[in-house]
Amino acid sequence: MPSTNQWRFIEVGRVVLLTSGKYENKIAVVLDVLDMNRVLVDSPACGSKWTGVPRHVVTLKCLEPTPVKVEVTRGAKVNTLKKVLEEQKTVAAWDESAWAKKLSVRDARTNITDFDRVRLDRARRVRAYTLRKTLATKLEKAGKKAKAAKVFKA
């Protein structure tokens, strides 16, 4: 992983996240920097929900550079890129990142049913209840009964 000051540079081989358009929330690899505002990207389908972007030109307004980088030559062909992505386990590295996990959770929460939403809310309330209860017992053991009564009102 590069230092935090270097991973934002747009360069050949940088894995980027597309933020708008048809391929929103998919990753692609920069294959060529065309000018100050546009890059050529490609991401062959590798059996992951993150890949599957055809080779096309994207403006820099529509993407976010990620800390993941691939060692690939400028303008690499589709088969070469697919082979390099599998060898360097780039998609797996992205899948393990906190950013990808956050996007997955966000996507899962937007696609749940009303019943699942109620179950999730109930689980959150039960978890908060047990947390308050254990905190109250620890406070009582520490001799702080007034504070324990404030934390847990049963």
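Data block above holds the structure.
Quick caveat, the model's predicted, so the values are computed rather than measured.

Calculation rules
Residues numbered from 1 in each chain as written. Predicted model: local features only at pLDDT ≥ 70, side-chain atom pairs only at ≥ 80, totals over all residues. Heavy atoms only, no water. Helix = DSSP H or I, 4+ residues; strand = E, 2+ residues; numbered from the N terminus. Rg over C-alpha atoms; globule rule 2.2 N^0.38 Å. Buried < 20%, exposed > 50% of the residue type's maximum accessible area, 1.4 Å probe, protein only. Contact = heavy atoms within 4.5 Å. Core = buried A, V, L, I, M, F, W, Y, C linked by side-chain atoms within 4.5 Å. Pairing = 2+ DSSP bridges. Axes fitted to C-alpha atoms, helices over the stretch in contact; angles between N-to-C directions. Expected span 1.5 Å × (residues − 1).

> Is there a simple way to explain the overall build of the chain in this structure?
Within the chain one finds five helices and five strands. Sequence-ordered secondary structure for the chain, helices as α and strands as β, is β-β-β-β-β-α-α-α-α-α. The C-alpha radius of gyration computed for the chain amounts to 23 Å, which surpasses the reference 15 Å derived for 154 residues by more than 25%, pointing to a less compact arrangement than a globule. For the chain, the C-alpha atoms occupy an extent of roughly 70 × 40 × 30 Å along the three principal directions. Split into buried and exposed, the 154 residues of the chain put 29% on the buried side. In the chain, of all internal contacts separated by at least 6 residues, the share reaching a separation of at least 24 is 49%.

> Would you explain the nonpolar core in this entry?
Nonpolar side chains in soluble globular proteins tend to be buried together. Counting 18 residues, the largest nonpolar core has Ile27, Val29, Val70 and Trp94 as the members making the most contacts within it. Contributing elements (two or more residues each) for this core: strand E1 (14–18), strand E2 (27–33), helix H1 (78–87), helix H2 (90–96) and helix H3 (98–110). Contacts of valine 70, omitting those with residues within four sequence positions, involve Val12, Gly13, Val15, Val29, Val84, Leu85, Gln88 and Thr90. Judged by nonpolar contacts, the second largest core, of 10 residues, contains Val16, Tyr23, Val30 and Val53.

> Where do I start with the pairing of strand E3 (residues 38–43) in this structure?
When a strand is regular, its side chains alternate between the sheet's two faces. Judged by how many residues are buried, E3 sits mostly within the fold: five of six residues are covered. Taken together, E2 and the strand that follows it, E3, pair antiparallel across an intervening segment of four residues. Of the pairings in the sheet, the one linking E3 to strand E4 (residues 53–59) comprises five bridges and is antiparallel in character. Among the inter-strand pairings, valine 39 is bridged to a residue of E4, identified as valine 58.

> Explanation requested: the sheet that holds E1 in the structure shown.
As summarised here, the arrangement of the five strands in space is E4-E3-E2-E1-E5, forming an open sheet in which the pairing is antiparallel. The open sheet has two free edges, formed respectively by E4 and strand E5 (63–69), since each of these has just one partner strand. The sheet shows a mean angle of 40° between the axes of neighbouring strands, direction not considered. Along the sheet, H1 makes contact with E2, E3 and E4, crossing E2 at roughly 125°. Of the strands in this sheet, E1 and E5 touch H3, which is tilted by about 130° from E5.

> How should helix H4 (residues 114–141) be read in this particular structure?
Think of an α-helix as 3.6 residues a turn; residues three or four steps apart then line up on the same face. A rise of 1.5 Å per residue sets the reference length of H4, with its 28 residues, at 40 Å; its end C-alpha atoms lie 41 Å apart and thus fit the reference within 8%. Once H4 finishes, glycine 143 follows within two positions and takes phi at roughly 90°, a positive value.

> Even after reading the chapter, I still don't get the environment of arginine 119, so can you show me in this structure?
In this structure, arginine 119 sits in helix H4. For arginine 119, a relative accessible area of 52% corresponds to the exposed category. As a C-alpha pair, arginine 119 and valine 78 span 41 residues in sequence and 44 Å in three-dimensional space.

> Mind showing me how you'd approach unusual backbone geometry here?
Peptide bonds are trans in most cases, and residues, glycine excluded, mostly fall at negative phi. Despite not being glycine, asparagine 25 has its phi angle at roughly 65°, a positive value. Along the chain, the position of asparagine 25 falls in the loop between E1 and E2. In this structure asparagine 25 comes out as partly exposed when scored by relative accessible area, which is 35%. The phi angle at lysine 89 is positive, at roughly 50°, despite the residue not being glycine. Turning to its location among the elements, lysine 89 is positioned in the loop between H1 and H2. Residue classification places lysine 89 among the exposed positions, given a relative accessible area of 58%.

Just geometry here; none of it tells us what the structure is for.
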